[in-house]
Structures are given as structure tokens and as C-alpha cells.
Amino acid sequence: MTQSVFPDAGGSQSDLWKPNRAASKMSQKAVVILFGAFAMVSVLTTFGIVFTLLFETIEFFLEVSPIEFFTATRWTPLFANPEFGIIVLLCGTFLTSAIGLLIAIPLGLLSAVCLSEYAPRRARAFLKPALEVLAGVPTVVFGYFALLLVTPVLRSFIPDMQVFNALSAGFVLGFAILPTIASLSEDAIFAVPSSLRQGCYALGATKRETITGVVLPAALSGIVSSVILGVSRAVGETMIVTLAAGQSPTLTLDPRVSIQTMTAFIVQVTKGDAPYGSIAFKTLFAVGMTLFVITLVLNLISYWFVRKYQEKYE
């Protein structure tokens, strides 16, 4: 008699058809462990940076009153008689950032609308990568561009402008953050479903009315997120403001004079002007902690706005 090739009632033959998943499960577990280790490295690095800033900042405030730090109107931590009024650095930082945003926001939004709504598909495929290449230019190049080209041009129209000034630094800073705002805004606008546009056209609206009345409000959360990210980028910019705005801590809103930003002061201290462990050296961490809190608050606002006003389409 011939033996049946079908599995018997006990199921012993069916085991031959089951693939061996042991090696696959082990490799999958190894990948999960490896990727989890990479993620933990980034998390631990972030905590290490925060704790370093926090501990050094606490030591700084043990010697300097927080009231003086946030209310004094002079910033001379490297002088013989030091004064610690960070409002001077905050004023310089927000002055250059405001000038940059006045340039980057309108140009970035107009560029995003043009690429998403008006540019042909082939032109968009070429222009958007070309715009994003601008984000890869080293900021030190922007800084020298502002100092050696933009400042002389502006001084020909504004003779009393100083060589180091906030206006040229903010002007070039706007073009440095423009790719961030334009690219992210274009992604948000392009993601709006075409059915909304077609429905608006069906009601007799023009292209301009469709963009301003339907497309931009639908992409508002992404646009605001890109603007806030641009603000964070402007506040944390270092080389442009260091080279073009100068290192004169002056409490002023006049963009023609030299000022100092928080990042420019950090560069000044790290060049070795302050002895290690001194109060001037600890000022570096207090300023860095202030900058960290500002950018953290901006990111939290962006996250909250996106979660609250994000449009979801099916």
C-alpha cells in the first residue's frame, strides 16, 4: 500500500509546511533594540544639555540677582564693574529678528503661493529645490555678504549708519530664513485637496478669491508653523548677527547702530575673553538658558496651534 501524502489527523505532517520564524523574530527584535538605542542617545543628549544649562544657570543666579538679570538696562559682564541686564541682548535679538521676519514672511508666503498655485509642474519641480539650496548656504557667507556688500549699499542711502548695524544683519537674516518659511508653507498649501479649489471655482470664484478665501485658510496651521519655525531660526542665528550687527550691547531700537544679540555674546565669551569658572563665564550658560527657553516656548506655541487648528481631510 502507498502511504498518503496528506497530513494525518494528529497534524504531524502539517508541521513541515510551517516556516521557521525564529530567525525573523530575532532579527526584528535586534532592529527594535538598535533603533531604540539610537533614539535614547538623542534623548539622553537633550537631557544632558538641559541639565548642564540648568545647573550652571542656578550657580549664576546664586551670585547675581534674577531681578537684576531681567530688569537692568546695562550689559557689561566682562567689565571691571559688571552689570547683568539681559534685556539689552533681548532687544538686539528681537530687533534683528523682526527686520528679518518683515522680509521673510511676505516673500516666503508669496513664493509658496506662486510655486503651489501658479507655477507649472515642471517649473515647480525645478524652482523648489533651487529655493531650498539657499538654506544650505553657510551662515558665515551670509554674514560676510551683509558686512561687505549690503552694508555699503545701505550706507550710500543712509549716511549716518554705522559699519556694524542691525539693519543689514536683519535684512540678510530675512533671506537666510526665507527658504524655511517658503518651503514649509508651500508644502502646506500644496497639501490642500484640489476638491476644495474645484468647488470654489464651481461657485464662480476667481483664482485669487479661491487662494485667499479657501486655500490659505485651509493651510493656515502649516503656514503659522513655518513662520514660528522661522522665528526660532532667526532668534538662534549666530554668524550673521555676529559679523554684521557687531558686539556693542546697546539698548536701542534704532536699526542704524551697532547692537549685540544673545548668540553674538555667546560667541564673544567662547573666544576666551572670560576665565573658566568666573561669573562672566557662567553668564554664558544663563544667556544660553534664556535662549533655550525662548525657542522652547516658540516650538510649544507652534505645536499647540497645529494641533488646535489643523484641518483634516478624508
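The text that follows walks through the structure, step by step, so that each part is easy to find. As the structure is a computational prediction, the values presented were derived from the model and not from experiment.

Okay, the packing of aromatic side chains next. According to the stated counting rule, one finds 13 aromatic pairs in the structure shown. For the pair F60 and F61, a centre-to-centre distance of 5.3 Å together with 70° between the ring planes defines the contact as edge-to-face. A relative accessible area of 24% places F61 in the partly exposed class. Taken together, a centroid distance of 5.5 Å and an interplanar angle of 70° make the contact between F281 and F285 edge-to-face. With F281 and F285 both in helix α12 (residues 279–309), this residue pair falls four residues apart, about one helical turn. Neither residue differs from the other here; F281 and F285 are each classed as buried. Chaining the aromatic ring pairs together yields one cluster made of F60, F61, F69, F70, W75, F84 and F265. If you follow R124 out to its NZ or CZ, it ends over the ring of F190, 3.9 Å from the centre. The ring of Y118 has K207 sitting right over it, with the charged end atom 5.5 Å from the ring centre.

Looking now at the nonpolar core. Grouped together as the largest cluster of nonpolar side chains are 49 residues, with contacts concentrated most on F69, W75, I86, L89, M262 and V287. Among the elements that make up this core, the one with the highest residue count is α12 (10 residues). Discounting residues that sit within four places of it in the chain, I86 has contacts with F69, F70, W75, M262, V287 and T290. With 10 residues, the next largest nonpolar core counts A188, I211, A218 and I223 among its residues.

In this section: the packing of helix α3 (residues 87–118) against helix α9 (residues 220–235). Look at α3 against α9: their axes get within 9 Å of each other, and the N-to-C directions meet at 145°. α9 is crossed by α3, and the crossing has right-handed handedness. Each of T93, F94, S97, L101, I105 and L109 in α3 lies in contact with α9, whose residues at this interface are I223, V227, G230, V231, A234 and V235. Considering only residue class, the contact of α3 with α9 consists of nine nonpolar, three polar and no charged.

Per the stated rule, a full pass over the model turns up zero disulfides. Among the cysteines around C114, which has no disulfide bond, C200 carries the closest sulfur, lying 20 Å off. For C200, a relative accessible area of 12% gives the class buried.

With that out of the way, let us pick up the environment of L134. Following the sequence through the fold, L134 ends up in the loop between α4 (121–133) and α5 (139–157). Taking C-alpha positions, L134 is 18 Å from S168, a pair spaced 34 residues apart along the chain.

Attention shifts here to the pattern of salt bridges. On inspection of all chains with the given rule, the structure shows 10 salt bridges. Note that K128 and E186 form a salt bridge whose closest N and O atoms lie 2.8 Å from each other. Of this pair, K128 sits in helix α4 while E186 is found in helix α6 (residues 166–190), placing the two residues 58 residues apart along the sequence. Note on accessibility: K128 and E186 belong to one class, buried. Taking the shortest distance from any N to any O, the salt bridge between D187 and K128 comes out at 2.2 Å. Taken together, the residues span a long stretch of sequence, with D187 in helix α6 and K128 in helix α4 at a distance of 59 residues. D187 gets classed as partly exposed once you look at its relative accessible area, which sits at 37%. By sharing partners, the salt bridges in this structure join R124, K128, E186 and D187 into a single network.

On to the packing of α6 against α9, then. For the pair α6 and α9, interaxial distance at closest approach is 8 Å and the crossing angle is 160°. The angle between α6 and α9 falls in the class roughly antiparallel. Handedness of the crossing formed by α6 with α9: right-handed. Packed against α6, whose contacting residues are L173, A176, I177, T180, I181, L184, S185, A188 and I189, the element α9 presents G222, I223, S226, V227, L229, G230, R233 and A234 at the interface. Its residues assigned to classes, the contact of α6 with α9 comprises 11 nonpolar, five polar and one charged.

Definitions and limits used
Residues numbered from 1 in each chain as written. Predicted model: local features only at pLDDT ≥ 70, side-chain atom pairs only at ≥ 80, totals over all residues. Heavy atoms only, no water. Phe/Tyr/Trp six-rings, centres within 6.5 Å; stacked < 30°, edge-to-face > 60°. Buried < 20%, exposed > 50% of the residue type's maximum accessible area, 1.4 Å probe, protein only. Helix = DSSP H or I, 4+ residues; strand = E, 2+ residues; numbered from the N terminus. Lys NZ or Arg CZ within 6 Å of the ring centre and 35° of its normal. Core = buried A, V, L, I, M, F, W, Y, C linked by side-chain atoms within 4.5 Å. Contact = heavy atoms within 4.5 Å. Axes fitted to C-alpha atoms, helices over the stretch in contact; angles between N-to-C directions. Left-handed = near helix turned anticlockwise from the far one by under 90°. Nonpolar A, V, L, I, M, F, W, Y, C, P; charged D, E, K, R; others polar. Disulfide = S-S within 2.5 Å. Salt bridge = Lys/Arg side-chain N within 4 Å of Asp/Glu carboxyl O. Parallel < 35°, antiparallel > 145°, perpendicular 65-115°, else oblique.

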